[in-house]
Amino acid sequence: MATEQNPIAINDDDDDDDEPDVLQESVETAAASIPVIRNIVAVNFKRLGCTAEDKVIAELAEELCNGNPRSEFKSNEVRSGTFTPRTKETHAQDIQALRENPSLVHSRGVKKQCALTAKLQNFHFVSGYPPDITHDLFEGIVPYELALCFDLWVKKKLLRTISRMSQPAKLRVILEDHDIRKLTLPSGIPPSVENLKSKVQEAFGVQGEFALQYMDNDFGGQFFTLCSTDVIEDKDTIKVIYLAAPVEPSSCSDSDASEIVTLTLYEDTACSSSGSSADTVLLSPDRRLERSVPWPSEFPIPRFAYNTEMILERANESYLKNGSLLSAPSIKTDILEKLAETIYQYVAYPSSAQICAVAEALIQKHPCLKEPGSASGNYGWQIRLKYKMGNFRTKLRNLGCPELTVNALKHKHPDDSAPAKNVKKPKKAEVNYLPPYPTGETKESLERVRIELVEEVKKRDNGKIISEKMAKTFSLRREEIVTQCPLIADLKERWPALFTLVQIKEEFQRITTLHLESKFMLLLDQYTPKMLSIFTAKGGAAGRRIRGIMSCLHKGECSIEKRREVIIRSLMEYVGEHGLFTECFVSKLYSDVDRAERASDFSQHTMNIFIVKKEGASEDDDYEDIGIVLEGQEVLAGFRNVSQACAALLGFIYALNLQYPKPLRYTFEVFQKLFLELDSLKLSPKVLSLKNQLLA
């Protein structure tokens, strides 16, 4: 017998200390798997119909693995051949021996016939009983079963990430087209996508909501959404896809932020003599002058003055008890003032749908303010908010806010002297439509930066400097575009950096706070399966044309870029619009084509995407070139695919403050309100019908 310290007995006459002890090694192997053994113990207890406290199970598993079994358990050495396996024949012999000699207490452990064996035809005691916990644990079966389980898990690659976590890895991370970094992972590739996103955030300071894509070499280096880290290896490439623009952190607390209006005090010599205290606006010196977030999906009701909050709290309690409504006209002024300030943090000219959303949020948070005289309970608040926003804009216009002074009568053209004529305001959910100059900058200082920017464009490998200067001159550029409406040719001369793909995407982000291409492609891919079924079910001549466009999807492998193009072309047929694309055929390389000859063709198009093909090329052949034409001029070319060109064209429309062409208004409405989710509260009947089918 072994001592209590050594659960496995070694014979005193065994002088071969080097002989390996198989069971001891098995116990040591299983010692690192206490949680696994604990689960097995619990499962076996459950199988046998036993109940055991978690603490008892944990102690039993730990004692078994640590080699300290309880004193009532024997600890004889167990080796192969010690026990003779019981068979049906030997069991029958034991039963027969008991019947022949009733004085026997047992025969080799068998005391009597098993009732189940006697009554059930397909059951036998030897082969039919569930596992016995004592034999499973105390005869070394658990380590053996664990080894079989681990072997199976490794073969099925369920433990693949565990083996990789100990191996350092490096990943190539694309943050932007001009910003590519190296991510070093000393502990290996994380086991989940969320953990990998955390590593990317920590290493590069990425803010806001984003997703990850990985480069798949099986599809020619195309990027696919990363759903599991098992598909990436050491030195693979991943790409950061921004879903929403990061919000700049504020130095003030949440309670303080609700009491401060994100505005800037603009100096205006014509209004500086005004000494009215009613025009005084408290400002936050640490906040950016530009808006940083779009209109929220759920409007946040701010905290009102202390006495107003006390009145509302008591009134809400009374409403919940007996349904009584609040009648206190004295607090309406404070409520409307705070709501107007909060609304202006998102938009200066709220739409009727946005005003309605604010009123609904107010009643939802403070039901005691409901109006019994209106069907919705908030119609009166909507009317008050509209008038209050008009008065609030008047105050800010007197302070020199450029977004509002542009519509002052003294700044309008004589032909547009009517107050409601040619109002310049956001019409496509622009967040920063006409921002103020940066603090400490004037029109003259920004003009000097613009001249420097023109020279920087002529240099190589200075994308970071160009981006910084473009961001600094954003307000000056928007002022020119919105107030002067210059020609495209003049803009290309004054702002050549704007007519690049990188800067168009950054300009779109400054205006809307959204990432153009990643957001566009993400929602386009998300709606693709549903759109395929909707477009395929279309009848009539349009349905036949759509099925002709989709025929290429059934010819072998189809790239994701080609599938996106098919969806966009089918979308245009579905809404009954044409003319966005113009196909050009060349007999030689596009670089050798006389561009002066092409200029005459471009002059006929106001807004168009041209696609250059080789003569005789099939549908599966790559395009020679893809570009954008605005006002008869080629503004940008060299796109990789049609969907990228469509997203860039929408970026040009926002950056240059252009209107959608009427023959393509539904196509661009889908681009804006479904693929970018900008101003998605107000939809035309045709686009609303499509959205309802997509969300059904």
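Placed above this text is the structure.
Anyway, here's the lowdown on the structure attached to this text. (Residues numbered from 1 in each chain as written. Predicted model: local features only at pLDDT ≥ 70, side-chain atom pairs only at ≥ 80, totals over all residues. Heavy atoms only, no water.)

Another point: the overall build of the protein. When helices and strands are tallied, the protein shows 28 helices and nine strands. Expressed as a percentage of the 696 residues in the protein, the buried residues total 42%. Across the protein, every contact between residues at least 6 apart in sequence was considered, and the portion connecting residues at least 24 apart equals 63%. Summing over all exposed atoms, the protein offers an accessible surface of approximately 39000 Å²; the carbon and sulfur share of this is 51%. (Helix = DSSP H or I, 4+ residues; strand = E, 2+ residues; numbered from the N terminus. Buried < 20%, exposed > 50% of the residue type's maximum accessible area, 1.4 Å probe, protein only. Contact = heavy atoms within 4.5 Å. Areas by Shrake-Rupley, 256 points an atom, 1.4 Å probe, with all protein chains shown as cover.)

Moving on: helix 15 (residues 379-398). For helix 15, built from 20 residues, the straight-helix expectation of 28 Å at 1.5 Å per residue is met to within 8% by its first-to-last C-alpha distance of 30 Å. Within the sequence span of helix 15, burial applies to Gly380, Trp381, Gln382, Leu385, Lys388, Met389, Phe392, Arg393 and Leu396. If you follow the buried residues of helix 15, they end up packed against helix 13 (332-344), helix 14 (352-365) and helix 16 (402-405). Among the residues trailing helix 15, glycine 400 stands out with phi positive, at a value near 95°. (Expected span 1.5 Å × (residues − 1).)

Looking now at unusual backbone geometry. The backbone of cysteine 485 sits at a positive phi, close to 50°, despite the residue not being glycine. Within the secondary structure, cysteine 485 sits in the loop between helix 19 (474-484) and helix 20 (488-494). Phi is positive for glutamate 677, close to 55°, though the residue is something other than glycine.

On to a negative patch on the surface, then. A cluster of acidic side chains, namely Glu619, Asp620, Asp621 and Asp622, defines a negative patch on the protein surface. Mapped onto the elements, aspartate 622 comes out in the loop between strand 7 (607-614) and strand 8 (625-630). (Patch = residues over 30% accessible without salt bridge, like charges linked within 9 Å, V, L, I, M, F, W, Y side chains within 5 Å. Salt bridge = Lys/Arg side-chain N within 4 Å of Asp/Glu carboxyl O. Lys, Arg positive; Asp, Glu negative; His and termini not counted. Charge placed at Lys NZ, Arg CZ, Asp CG, Glu CD.)

The final tally for this structure, using the stated rule, is 13 aromatic pairs. For the ring pair phenylalanine 535 and tyrosine 574, a centre distance of 5.1 Å and an interplane angle of 40° mean the geometry is tilted. Placement of phenylalanine 535 in helix 22 (residues 516-536) and of tyrosine 574 in helix 24 (residues 560-575) is noted, with a sequence separation of 39 residues between them. When its relative accessible area of 0% is taken as the criterion, phenylalanine 535 is described as buried. Judged by relative accessible area, which is 17%, tyrosine 574 ranks as buried. With 5.3 Å between their ring centres and 10° between their planes, tyrosine 660 and phenylalanine 668 make a pair best called stacked. Clustering of aromatic rings is evident, with ring pairs tying together Phe520, Tyr660, Phe668, Phe671 and Phe675. Over the face of the ring belonging to tyrosine 344 we find arginine 291, whose NZ or CZ atom lies 4.8 Å from the ring centre. Against the face of tryptophan 495 rests arginine 477, its NZ or CZ located 4.9 Å from the ring centre. (Phe/Tyr/Trp six-rings, centres within 6.5 Å; stacked < 30°, edge-to-face > 60°. Lys NZ or Arg CZ within 6 Å of the ring centre and 35° of its normal.)

Turning next to the sheet that holds strand 7. Read from one edge to the other, the open sheet built from four strands follows the order 6-7-8-9, with strand pairing classed as mixed. The open sheet terminates on both sides in strands that have one partner only, identified here as strand 6 (581-586) and strand 9 (633-637). Ignoring strand direction, the axes of neighbouring strands in this sheet form an average angle of 30°. Note that strand 8 and strand 9 share four bridges and pair antiparallel. When the bridges of strand 9 are listed, glycine 627 appears paired with alanine 637. (Pairing = 2+ DSSP bridges. Axes fitted to C-alpha atoms, helices over the stretch in contact; angles between N-to-C directions.)

Let us look at a nonpolar patch on the surface. Together, Tyr379, Ile383 and Tyr387 line one region of the surface with nonpolar side chains, adding up to about 350 Å² of accessible area. Inspection of the secondary structure assignment puts isoleucine 383 in helix 15. Given the relative accessible area of 30%, isoleucine 383 is considered partly exposed.

In the contact formed by helix 23 (residues 540-550) and helix 24, the axes pass within 9 Å of each other and the chain directions differ by 175°. It follows from the interaxial angle that helix 23 and helix 24 lie roughly antiparallel. Of helix 24, the residues touching helix 23 (which contributes Ala542, Arg545, Ile546, Ile549 and Met550) are Val566, Arg569, Ser570, Glu573 and Tyr574. Counted by class, the contact of helix 23 with helix 24 contains six nonpolar, one polar and three charged residues. (Parallel < 35°, antiparallel > 145°, perpendicular 65-115°, else oblique. Nonpolar A, V, L, I, M, F, W, Y, C, P; charged D, E, K, R; others polar.)

Quick look at the environment of glutamate 517 now. Summarising the element assignment, glutamate 517 is placed in helix 22. Classification of glutamate 517 as buried rests on a relative accessible area of 14%. For the pair glutamate 517 and alanine 647, spaced 130 residues apart in sequence, the C-alpha to C-alpha distance is 6.0 Å. Beyond its immediate stretch of four places on either side in the chain, glutamate 517 contacts Lys505, Arg640 and Gln644.

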